[in-house]
Structures are given as structure tokens and as C-alpha cells.
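For reference, the chains in residue letters:
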Amino acid sequence: MWGKRSVLLGTATALLAMTAGIFAADAASASTPVLVLYSAQGYDQAEATAFQQATGIKVELSDMSTGPLLAKVQAEKQNPQWDVIWFDGNGAMSSLNRQGMLLQGWTPGDIANYNSLGLRLLPQNHGFFPTGVTAAGALVYNTKLVSAANAPRTWQDLLKPEFRNAVGMNNPAISGPTYPLVAGMFQLMGVNRGMSYFEALKRNGLKVFPTNGNTLQALLNGTIKVAMFQDSAEINAKLSGDPVNVIYPTTGVTMLPSDIAINAKAPDMAIAKEFVQFVLSGKGQKVMQDIQAAGSDSLFQPVTKVVNPLYVRKGVKWNVVSPVWAGTHEAAWTQWFTDNIVR
Amino acid sequence: MTVLVVLPLLALLAQAVFPNLFSVPASLAPSTAGLQSLASDPYMLASGVNSLLLSAATALLASAIGISVAYLIVLTDLPGRRVVWGLVWLILISPSFLLAQGWELLLAPGGLTNNLLGGVLTRVLLSPVGVTLVLSLKLFPFSTVAVASGLEGLGQDVVHAARMGGARQPDLWRRILLPLLMPAIISGALIVFAEVLSDFGIAATLAQTANFPLTTFSIYAALEQFPVNFPEAAATSLVLVGAVVLAQWGQRAIVGRRAFTTRWGGNRTLAAVPLGRRRPYLLAAVLALMAVAFGIPAATTVAASFMPGGAAGLITSGHPTIANYVHALQIPYGADSFANSLAYAALAATLGVLIGLLIALAWRRKGGWLTGILQGFLTTAIAVPGIVLGAGYIFLWDMPVLTHVGLLLYGTPAALLLAYIAGGLPYSVRVAAGGMEQIPTSAITAARVSGGSLATVVRRIILPMTGSTWVRIWLMLFAGVVFELPVSQLLYPPGGPTLAVSIVHQFHNTDFGIGAALTVMSTAAIAAVSLLLLWLGQGSGRRTRRRAAVRAGREAAYPAPLIGGVKGEGA
């Protein structure tokens, strides 16, 4: 009986110590200035740690998927708590920019680091800053189920009878990078023909999964043979030895920029600027490429001259979608997709 | 409780009618657009009906499984009862994504079932029937836990007495066990019902593949699209709230206002009910159930955690490796997030049990319309998906007004803790109330009449008689918090991630193997804590019960009027 009691006592003490831990950590941070970062990037933690080491400024990171991140930012609208936000997809970013929620007119010191792609993606009012790009969707197929000769080369190939019930993609209402893929198709093909294309895919048995992970899993376990989702996740699967191959259709793939922005009413404006500057520096860009720490997101195409890509995308043709155009239609087209393709 | 559960829920739900309540600038202008889109959309209507049917069917099936298992492990001489109890707990505490993932893999073309049965099983399972089955296998422990408490209070004597009186098995169930256990059964069934209504994991995966749209999916879609559609999410959540209100009316109709005292002084555990010749078959059936409900999906994830790529689990060829585990321990916040979650879980469970006890006590004393409404609200809160509750908390706690008065709750560990307690309270109060129903009012009245304080009543009567129930509630809350995702994502204090946040981050990075390794390690750790506590709780529970029985026996020697109106109460 004594034995049981001491076990119980020991457990209770350990739990109490841990509890003290979570509250103490919070209390300690209340006195010093901290950067509050909301991010949906794989490399956010690595970047926060590096910044902390370089500057001594503490970063409090709130990492979550893009969907909850945007819901949180909008629910906090009356009383925003964040200094910096960082996620993929410039449609939502440019919409927040137009609503005046982002700091405008500020130019970071290392803006000269941008390459031509970076300068092209930078909005005129400097409301947000591109930090890298990926393709919102490239073709990927399971090499055990599809031979190289039969692999799809174009978007139209997915409508072939041999891919009936064998094509998968993510749900744009759930997966962050997928709305840009849909909007990109609409821009490439024209809205009406783009809609007809997805309807034809659906007639051919298109399967819609929640996010990159589910779709990749379905591809690997044979539920589907071909898929289209964010190319960094596709490349990462290939590099980690999964039986897949990535194909960039010759008509082009939609560019998905990752953007970082400062809150117009940032509680800690000075360090927010310092952080953005750090991300765009050579050191910050290198940290984003630490694939051990950051996973597939590290396989981005750089928008600065200070780093080289980890993976060279051969023969890729980029389609750049106007964020304002995509952003204004986002609610309607996501709804259209939900009503006509998901259901 | 009002602050914890009612206000945050209202903060979001009110936006169904006042869409600009928390906009900049805020406005009280009402609009019915959200509700109208709901009523005019056949898909929404179909999802609502599907959700309702699925919840009802799952509640029935899960209760049937749960009651049978509880009977076998509490009253009979089934071999390995403690092991079976342990497995029931493992299923209860396992994160649902672990199980969902296993099922997905199992049902995939080229997966196990396809090879074995030529796709017949796949077709059966990828349907509403399959979805019901999978959910029932995950959720039946809620029913087992609720019913086991009732059965323990009942004791084996009842069964022996009935058998001696010539009752057959069906009579025993129909005329004695089921009627006596009704409150516990209904408690368990209601939790399952509400759990299914708010489930997202299966709604987004298996149900989607089976072309079986569910309401939670629409709610998540409305909340995660940009710009976010709070009014639509609120209006849709109202459907779920309505469903639970209906279910609770059903409960009232069945249970009525009868009393359900099953713990009285004299029940003893004389001898286990012998199963006789059916023993080996029943054991085989229980073990098969555990294998299907837990073994297969868990094994899949364990296998994935040892695979190099990890995403494909069993299918990708490659040599097993422990690299994922090594990596999982090295990633920033991997170990920290686990410690954070343990601390939150322990604290939330402890406070949840205490508050649950207080509420259950208060209800026992008063009763009446206010109790009815609060009780209704609590179960309703289970049916509302976590992300809705989380958004409600942001609206409420991030109000500029609170900043002006210096109440900075949002973004602190305290806010997340409060949200966890609020999330656990419905379970705590539901199960606690079921357990409390069984304590004879006479025992409490007698103690109070003879001058015992409320504290004495709790210490000497309620805790000894329902001790194991509280241990189980604690564990239920603990396990629920450790792997909680939607509320954690929205409310965790920046810089202090929780376990589920960490695991999801790994899945986002498509590091499935590391995510699986984290899941396996944390599930194993939680399982160890749970089994330890159960072991501690079981011993002391049995001891104190025995003591209480002796005490009650002594009291029974006195004339009845002295210890209160035994006969008259509760009629």
C-alpha cells in the first residue's frame, strides 16, 4: 500500500513540476519583448530558433495549417495579437493587404537580395514579401502502377479512360495550396473551360482528399495512380524513396508564392521588421533550406540571389496568377468546387 | 460553467443571426442569410440527415458492444478480464487519427482486405454501414466505462438472485439489468451520439470516400475557407445543437423521472457469474473485437513508424529502421510539446473532475429547470466541433474590452487550460451524474441529518461508493486532452505547442514516419500512465467499497427511520 501511495505521490509531483513549467515559461516571456509569429510553414520553427540565436530576441511561434491560421487571424480582427504572419498563397495575403491589415510602405534593407522572380512577386505597396515559391500542383504518379511510357504528360491526359477512378487531388476548401491550383487552371484555360475540365475529371472518377498528406498516402497505397498537389511534397516523397515520379506539364504549372507580412498594428513593430529582414537575408534563406528540420517545404524555388535551389525543377514553365483576381473570386470558386466537384 | 461553456458557444453561434457581431466595426444588425443558405441548400439538408442517422446508428451499435463488454469484464468469470479492461482503455485513449489511418490503409486497393476477400469487404466498409462500424469500434469504450460503473454498484448478487429465481439470460437483461442500468447506458449512448456528430477525422476521410457527406465537414469547410464564413459555420452548428436537444428529449422520454439507486449497503461481490461452456467462445469474441478495433489499426501505425518513407506504411518496401524515433526526439519541441500536453492534461483532468463533482452535487440537491438547461448545454457542447468552440473562445477572450480592463487571458496557457476543462466538463458531468444517481439519497440524507458536513458526505459516502468512477473520468479527460487538436491549434500560447500541434506539423512536412513515431511514443506513455492509475484506482476502490459496505451494514442494523426515508424516496 505504501508502494502505491509513493508511486501516486511521485507521479503527482512530476505533473505539478511540468505544470509549473508551462506557466513559468509564459510568465518569463511577459516581461521581455517577444515576436509573435503565426505561421503555416515547415521551416518556421527552424527560422524562429535561428533568429533567436542571432539577435537574442525571443520568438513565440504559433504553428498551424493555413486554414486555422487564417480563421484565427480573422477571429482576432478586433484585437490582433500577432506581429508577423507567414503562409503560402498570395490570394489571402493580398486580400488582407487590401483590407489594410498589413504594414505598407516599408522597405527591408536586404531588398536587393531579391532576384527577378522575387521582384516580380513583390506588391507595389510592399504590404507583404515573397520568401520562396513552389508549384501549387504538378503531376505525380506511382511508378509501380503506371509505366513511364503511359505516364500522363499534360493536364488533358488525366481525362483518359486508363486513369478512370485513379486521379486524386486535395480539397481547396481544406488544403491551403489547392485553391491557387484551381484558380491557376481557371486562368490557364479560361474560367468556363476550367470548370468544364474539373467537371470532366469528376466524370472520370476524380477523388478529392483533404490535404497533401492524405492524397500522397492514397497515391502510395494504390487508391489512386496519379495525383496533383503541391510539388514540394511530391519531390520530397521522391527524394525519400517513395515510388513516385514528378512531371511538369508543358502548358505550365501555377506558381504558389510563400509570403511573409507584418501586422499594420503590430504590438512589437521594430522586432517584426527585424525578423522579416532576417528571413530575406542569406542566413535566413539558408535556414529555410534545412530539410532535416523543415521537411518538404525546404524544396522551394528561391526568390533571392543569395541561395541556390535544393532541387532543380527541370523544364518547368511557371504560370503566375494575379493574387487580386484570385483573391476576389476565392469564396465563390471554392464554393463552386465544393458544390460541383467535391459532392 | 456559464463562462467556460455557455458564453464561448454563444459568441460563435450568435453569429448565425448577427453576422457582424465581432466585425470591425461591430454591429448588431441581424441577418438570416446564414440560416437561409442552410435551409435552401439540399446538400446541407442531406448532410444533416446523414449526420443524425449515423450518430443514432453508431450510438446503438456502440452501446450494444459497450454493454456486453462491460457485463463480461465486471460480473463474469471471463479469463483475462484485466487485460480486456486495459485494451478498452487503450482504444479510448488512442488518438482517432491513429485508428482512422489504419482503416484507410486496410481498405485501400492492394490493401489487406482486397487481397483476402476480393474487394467485397472494401465495398461493404466504404459505405455508411462501414462508417458506422468503424466509429462504433472506436467509441464503444465510452459506453463500457459508463455501464461498468453501474454494474459495479449492482454487484453480482442481483444476477445470482435472478438465476436462482429461475430467470433466463434474456429475462435477466430485459427485466433486471437493462432497466437498472438505464441512466448509465443512456449517458454512454449520448456521449457516443454527440461524439459522432462532432467527429471530423472520419467525416473528412472514410465518409468522404464513401460519398457520405456529413455536417462537420461543411462546418470545417466554412471555417477554413478564405474569407472565413463564421455565420455559415454558426448556422450549421445549430443543426448539430438541434440534434443533441432532440436526443436529450429522447433520453427524458426513456428515463423519465424514476430513481436509479443501485448502490446500497448490502451488495457484495460473492462470486463471479460463471459463463460455463460459452466461456471460450465469448473470450474469442472479445479478443477478436479488440484485434479489429485496436490491434490492426495500431499495428499499421507502429509499422509505419519503423519505415524509412513512412507514408506508405506497410506497402513501401524498405528495411525497418529506428531513424524516425531518433529524429522525433531531436526535432524542436518534440519532447517539450509532449511534456506540455501531459501537464495540461493532468491539470485539466484534475480540475475537470473537481468541477464535475461540484456540479453533480449541486444537481442532485436542486433539480429544476435551470439544472435542466445547463445539463442540456453541456451535452450540446460535445456535439459542437472543437474548431467552433475554439473560434468562440477567440471571439470572447480577445474582445478589446478585456484588454482595456487588463484581463489578458487569450494567448496564455490559462486560456488553453480553461478551454480544455470546458471541453472535458460535459463528459465529466455526464458520467458523474450517472454514478451519483446510484447512491441512495437516504445515505446522504442520513449523514446530513446526523450533522455531517457536505465535505464529510463527499469523503465518507460519495467517494467511497463511486471512487473508481472518478478515476475513470479523470483518465477520460486526461486522454482527451493529450491528443486534442482543433482547440489546441487555435488557442495554444505562441511558443508553447502541444503534442497534437507537433504531430500535425510533422505530417504537414510530409514526415509521416516521424509523426507516426511521435504518435506511438506518446500513446505508449499515456497508456503506461493510464494503466498505472487504473491499477492504483482498482485496489483502493475495492478496498474502500468493502469498507463502505461494512459501514452500511452496520447502519442497517438501526431502525429505518433513523437513516431516513428509504422507501419513500425517488418514487
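Residues numbered from 1 in each chain as written. Chains lettered and ligands numbered in written order. Predicted model: local features only at pLDDT ≥ 70, side-chain atom pairs only at ≥ 80, totals over all residues. Heavy atoms only, no water.

Once that is clear, we can look at the interface of chain A and chain B. Contact residues are listed per partner, giving 67 residues for chain A and 72 residues for chain B. Between chain A and chain B, roughly 6200 Å² of surface is buried when both sides are summed, and carbon and sulfur atoms account for 60% of that area. The tally of links from chain A across to chain B stands at 0 salt bridges. Along the contact surface separating chain A from chain B lie 12 residue pairs in polar contact (both at pLDDT 80 or more). The element that contributes the greatest number of residues to the side of chain A that touches chain B is helix α1 (residues 2–31) of chain A, accounting for 10 residues. Along the lines of polarity and charge, the residues of the side of chain A that touches chain B split into 28 nonpolar, 26 polar and 13 charged. (Contact = heavy atoms within 4.5 Å. Buried area = accessible area lost by both parts, 1.4 Å probe. Salt bridge = Lys/Arg side-chain N within 4 Å of Asp/Glu carboxyl O. Polar contact = N/O pair within 3.5 Å; in protein donor to acceptor, adjacent residues only side chain to side chain. Helix = DSSP H or I, 4+ residues; strand = E, 2+ residues; numbered from the N terminus. Nonpolar A, V, L, I, M, F, W, Y, C, P; charged D, E, K, R; others polar.)

Grouped together as the largest cluster of nonpolar side chains are 240 residues, with contacts concentrated most on Ile85(A), Phe198(A), Tyr71(B), Phe140(B), Leu151(B) and Ile462(B). Each of two domains, domain 1 (2–133 + 257–311) and domain 2 (135–254 + 320–342) of chain A, supplies a minimum of three residues to this core. Setting aside residues no more than four positions away along its own chain, Leu151(B) makes contact with Ala70(B), Tyr71(B), Val74(B), Leu75(B), Leu177(B) and Leu181(B). Leu117(A), Leu121(A), Met255(A) and Leu280(A) belong to the second largest nonpolar core, which has 36 residues in total. (Core = buried A, V, L, I, M, F, W, Y, C linked by side-chain atoms within 4.5 Å. Buried < 20%, exposed > 50% of the residue type's maximum accessible area, 1.4 Å probe, protein only. Domains from an automatic or database assignment.)

Right, let's get into the sheet that holds strand β8 (residues 226–229) of chain A. Residues and elements named next belong to chain A. In spatial order, the strands read β7-β6-β8-β5-β9; together these 5 strands make up an open sheet with mixed pairing. The open sheet has two edge strands, β7 (207–209) and β9 (244–247), and neither has a second partner. Recorded for the sheet is a direction-independent mean angle of 25° between the axes of neighbouring strands. Judged from the 3 bridges that link them, strand β6 (residues 167–170) and β8 form a sheet pairing that is parallel. Counterpart to Met-169 in the pairing with β8 is Met-228. Along the sheet face, helix α8 (residues 212–221) touches β5 (138–142), β6, β7, β8 and β9 and points at about 165° away from the line of β8. (Pairing = 2+ DSSP bridges. Axes fitted to C-alpha atoms, helices over the stretch in contact; angles between N-to-C directions.)

Residues and elements named next belong to chain A. This structure, assessed with the given rule, holds 20 aromatic pairs over all chains. Summarising the aromatic geometry, the rings of Trp-106 and Phe-129 are spaced 5.8 Å apart at their centres and angled 85° between planes, so their arrangement reads as edge-to-face. With Trp-106 in the loop between α4 (90–98) and α5 (116–121) and Phe-129 in strand β4 (residues 129–135), this residue pair connects regions lying 23 residues apart in the sequence. Both residues of the pair, Trp-106 and Phe-129, belong to the buried class. (Phe/Tyr/Trp six-rings, centres within 6.5 Å; stacked < 30°, edge-to-face > 60°.)

Turning to the packing of α4(A) against helix α13 (residues 323–342) of chain A, a few remarks are in order. Residue and element names in this part refer to chain A. Taken N-terminus to C-terminus, the directions of α4 and α13 make an angle of 90°; their axes are 8 Å apart at the nearest point. Here α4 lies roughly perpendicular to α13, going by the angle between them. In contact with Asn-90, Gly-91, Ala-92, Ser-94 and Arg-98 of α4, α13 contributes Pro-323, Val-324, Gly-327, Thr-328 and Glu-330. Residue composition of the contact of α4 with α13, by class: 3 nonpolar, 5 polar and 2 charged. (Parallel < 35°, antiparallel > 145°, perpendicular 65-115°, else oblique.)

Residues and elements named next belong to chain B. On average, residues of chain B carry a pLDDT of 77, and 81% of them reach 70 or more. Element-level mean pLDDT values for chain B span from 55 in helix α6 (residues 112–117) up to 90 in helix α3 (residues 42–75). For residues 310–316, every residue scores under 50 in pLDDT, and the model assigns this stretch 20 contacts once sequence neighbours within four places are set aside. A low-confidence stretch, residues 549–571 stays under pLDDT 50, and its non-local contacts, those more than four residues away or across chains, total 16 contacts. With a pTM of 0.82, the predicted complex shows an ipTM of 0.80. (pLDDT = per-residue confidence, 0-100.)

A word on a nonpolar patch on the surface. Residues and elements named next belong to chain B. A cluster of nonpolar residues, Leu-52, Val-245, Leu-246 and Trp-249, forms a patch on the protein surface that exposes about 390 Å² of accessible area. A total of 3 residues in the nonpolar patch trace back to one element, the largest contributor, which is helix α14 (residues 230–255). Locating Val-245 in the fold gives a position in helix α14. (Patch = residues over 30% accessible without salt bridge, like charges linked within 9 Å, V, L, I, M, F, W, Y side chains within 5 Å. Areas by Shrake-Rupley, 256 points an atom, 1.4 Å probe, with all protein chains shown as cover.)

Before going further, it helps to examine α13(A). All names here are of chain A. If you check α13, its first and last C-alpha atoms are just 24 Å apart, much less than what 20 residues at 1.5 Å a residue would give, namely 28 Å. When the local axis directions of α13 are compared, the greatest deviation, roughly 60°, occurs at Glu-330. Ala-326, Gly-327, Glu-330, Trp-333, Thr-334, Trp-336, Phe-337, Thr-338, Ile-341 and Val-342 are the residues of α13 that are buried. (Expected span 1.5 Å × (residues − 1). Bend = angle between axes of the 7 residues up to and from the residue.)

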